[in-house]
Amino acid sequence: MAKTEQGDGLESRGATDKLTDNGKGGVFGAELNGGAIQEEDRVDKYGFTGGAQQNSGESAEEIPIEVLRQREAKWLDMLNNWDKWMAKKHRKVKERCQKGIPPSLRGRAWLYLTGGKVKREQNQGRFQELDNQSGDPKWVDIIERDLHRQFPFHEMFSARGGHGQQDLLRVLKAYTLHRPDEGYCQAQAPIAAVLLMHMPAEDAFWVLVQICEKYLPGYYSTGLEAIQLDGEILYALLRRVSPAAHGHLKKHKLEPILYMTEWFMCAFSRTLPWASVLRVWDMFLFEGVKILFKVGLVLLKCMLGSQEKLKSCQGLYETMELLRAIQPQYMQERFLVHEIIELSVSEKDIEREHHAQLRRWKESHGDLHCKSPPRMHGAKAIMAAEPPSRQDLRQRPTIIVASPLATTTDAVQAEDAKGNRKTNREQQKETILSPQETLNPYPPPTDPSPLLRHMTFQESKESLSSTEHDTYL
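Residues numbered from 1 in each chain as written. Predicted model: local features only at pLDDT ≥ 70, side-chain atom pairs only at ≥ 80, totals over all residues. Heavy atoms only, no water.

## Focus: the nonpolar core
Then, number 1: Residues Trp75, Trp82, Trp110, Leu195, Tyr259, Phe264 and Leu304 are the most contacted members of the largest nonpolar core, which totals 123 residues.
Then, number 2: Per-element accounting of this core gives the leading share, 11 residues, to helix H17 (residues 290-304).
Then, number 3: Discounting residues that sit within four places of it in the chain, Trp75 has contacts with Trp82, Val93, Arg96, Cys97, Gly100, Ile101, Pro102, Leu105 and Ala109. (Core = buried A, V, L, I, M, F, W, Y, C linked by side-chain atoms within 4.5 Å. Buried < 20%, exposed > 50% of the residue type's maximum accessible area, 1.4 Å probe, protein only. Helix = DSSP H or I, 4+ residues; strand = E, 2+ residues; numbered from the N terminus. Contact = heavy atoms within 4.5 Å.)

Following this line, the structure appears as C-alpha cells:
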C-alpha cells in the first residue's frame, strides 16, 4: 500500500500482497460472493441482496414521490445550465446537495460536481487508450485479488467475473496507468465501486481521478503522509468541538491514524448505512473534504462526548471497539445530515490547522516526501481553477430513440440513394444502441485479464471471513 518509516505501525505498499494472498479477507461475511445471486434473494432499492448494508436502508428517509419529481426537474435545469448555476447560484446548488440528489440523476450530478465531465471531454479517447493496455502485472494481480472484497452483497459485484467486477478492474487498472507514480491503493477500490454503481466505467474513472487528485490529493500515495496530517487536523478540531472526546483520546494516547484511516480514505463508504453514505457523498462532492471532517467529528462527539458515555470505555482497547461499532442512531440518515450541517467547521478552519500541522510535521519528520497538488475544497473551487467551456458541459446522449411517427418512405428513399453519402440506416447505427446494448450500458472490457477470462460464474467455494479486516495502511 504505502511505505512509511519503520516502526510507525504502518504497512508498506508491498505488503498488499500479504493482504490478498489467500484470496480472502474483508470486513464482510459472505458465502455468495463468486456465485450468481439466487432468485429468492431479496434485492433492496440500493441493489444489496444481504449483509449489513441491506438492512441499513430501512432507516432511510422516505421522500414523497411528488417532491422527488420536483427535485428531478430542478436538477435537470441545473445540469443543463451548469456553468450559470455554479457562477451565480452555487449556494442553491449546495442546498440541493444537502437535501439529497435524486437517485435517477445522482451519477450525472456527481460527474458534473467533480469536474469529471470536463475532464472526460478534454481527454476524449484517453480512457479507451488506457483500457486497451495490459497494465503493470504487479498492480493488475493485486487488483484482481481485491475485486471480491468490494461490496460482495451488492448485485453488481456478487458474481466473480461479472460485469461489475470487470468494470472495477478496468477503472482501477486505468488509474495505475494514468498515475504510475501512485499505482494502486486498496482504499481506492470501494471508492471506484461506489462510482460504478451510479455511472459507466469511463465516467467512474474520471470522477475517481478528480477525487484522488483534487479532493483527497496524496491520500493514496506512498507514505500516507496526507492522511496522517488530516488525522492530526481532525484531532485538533475535536478539541474545540468536543473537549471530553479529545481529552479521552489524549489520555489513552489513541492516535487518529488508528480509527480515522478507513473513514477518510474510503469516504465513509465502508462505515455508514447506505442511505447515509449517499447523502454524505452528495455533500462531499460539492463541499469537499470538509464534509469528511464533519462526519468524523460528529461520530466522535456522539460516541465519546460525555463522561456518561465514557464509563463503558475505560481503556484504549474498549475505546477502539466502541469506534468500530458505532451505535446505529448516530449514523441514521436524518440525524447525521442534520448534525453535519449544524456543525460549524469551515474550509478556513481546516486550512489553518493544515498549515499548523504541516509546521509540526516538518519539525519532527522533515519535508514531506509526497509532493501532492493543493487540495481543492469542492465543486466551486475546482470549477474556478479550471473554467469549463460550454462545449465541455454540453450533453452527449448515448441513446437516441427514433420517433415512432417517422414514415417509412423517407427511409426507403434514403436506402435507394447512391454515392458517397451515408444512408439514414448507417447514420442511425452510429447513434442508436442495439437492444442488447440498451439493456446493458456497461460495455465489456476490450481485453479482459487472463484471470477474469478463465473465471466461471459457478458459485465460489471461497467465503469472506467476518473476523478478517481490510487495512488501508
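## Comments concerning the packing of aromatic side chains
Then, number 1: All told, the structure shown has 14 aromatic pairs when counted by the stated rule.
Then, number 2: A centroid spacing of 5.1 Å and a plane angle of 80° characterise the contact between Phe264 and Phe293, whose relative ring orientation is edge-to-face. Of this pair, Phe264 sits in helix H15 (residues 261-265) while Phe293 sits in helix H17, placing them 29 residues apart in sequence. Each member of the pair Phe264 and Phe293 is classed as buried.
Then, number 3: Here the aromatic cluster, defined as three or more aromatic residues joined through ring pairs, consists of Tyr259, Trp263, Phe264, Phe268 and Phe293. (Phe/Tyr/Trp six-rings, centres within 6.5 Å; stacked < 30°, edge-to-face > 60°.)

## Considering unusual backbone geometry
Across the chain, the bulk of peptide bonds are trans and the bulk of non-glycine residues have phi less than zero.
Then, number 1: Located in the positive-phi region is Lys253, a residue other than glycine, with phi close to 55°.
Then, number 2: Of note, Lys253 is situated in the loop between helix H14 (243-251) and H15.
Then, number 3: Residue Lys253 is classed as exposed on the basis of its relative accessible area of 67%.
Then, number 4: At Ala267, a residue that is not glycine, the phi angle is positive and equals roughly 50°.
Then, number 5: Mapped onto the fold, Ala267 is located in the loop between H15 and helix H16 (274-287).
Then, number 6: Judged by relative accessible area, which is 0%, Ala267 ranks as buried.

## Things to note about the packing of helix H10 (residues 163-178) against helix H11 (residues 188-196)
Then, number 1: One way to put it is that H10 packs onto H11 with a least axis distance of 10 Å and a crossing angle of 125°. Classified by the angle between their axes, H10 and H11 sit oblique to one another. The way H10 lies across H11 gives a crossing that is right-handed. Contacts from Gly164, Asp167, Leu168, Val171, Leu172 and Tyr175 in H10 reach Gln188, Ala189, Ala192, Ala193 and Leu196 in H11.
Then, number 2: Residue composition of the contact of H10 with H11, grouped by class: 8 nonpolar, 2 polar and 1 charged. (Axes fitted to C-alpha atoms, helices over the stretch in contact; angles between N-to-C directions. Parallel < 35°, antiparallel > 145°, perpendicular 65-115°, else oblique. Left-handed = near helix turned anticlockwise from the far one by under 90°. Nonpolar A, V, L, I, M, F, W, Y, C, P; charged D, E, K, R; others polar.)

## Thoughts on helix H22 (residues 347-365)
Since there are 3.6 residues in each turn of an α-helix, residues three or four apart along the chain are aligned in direction.
Then, number 1: Its 19 residues place the ends of H22 25 Å apart at the C-alpha level, agreeing with the 27 Å of an ideal helix rising 1.5 Å per residue.
Then, number 2: Inspection of H22 places Asp349, Ile350, Ala356, Gln357, Leu358 and Trp361 among the buried residues, and these make up the whole buried set.
Then, number 3: Just beyond H22, the residue with positive phi is Gly366, at close to 90°. (Expected span 1.5 Å × (residues − 1).)

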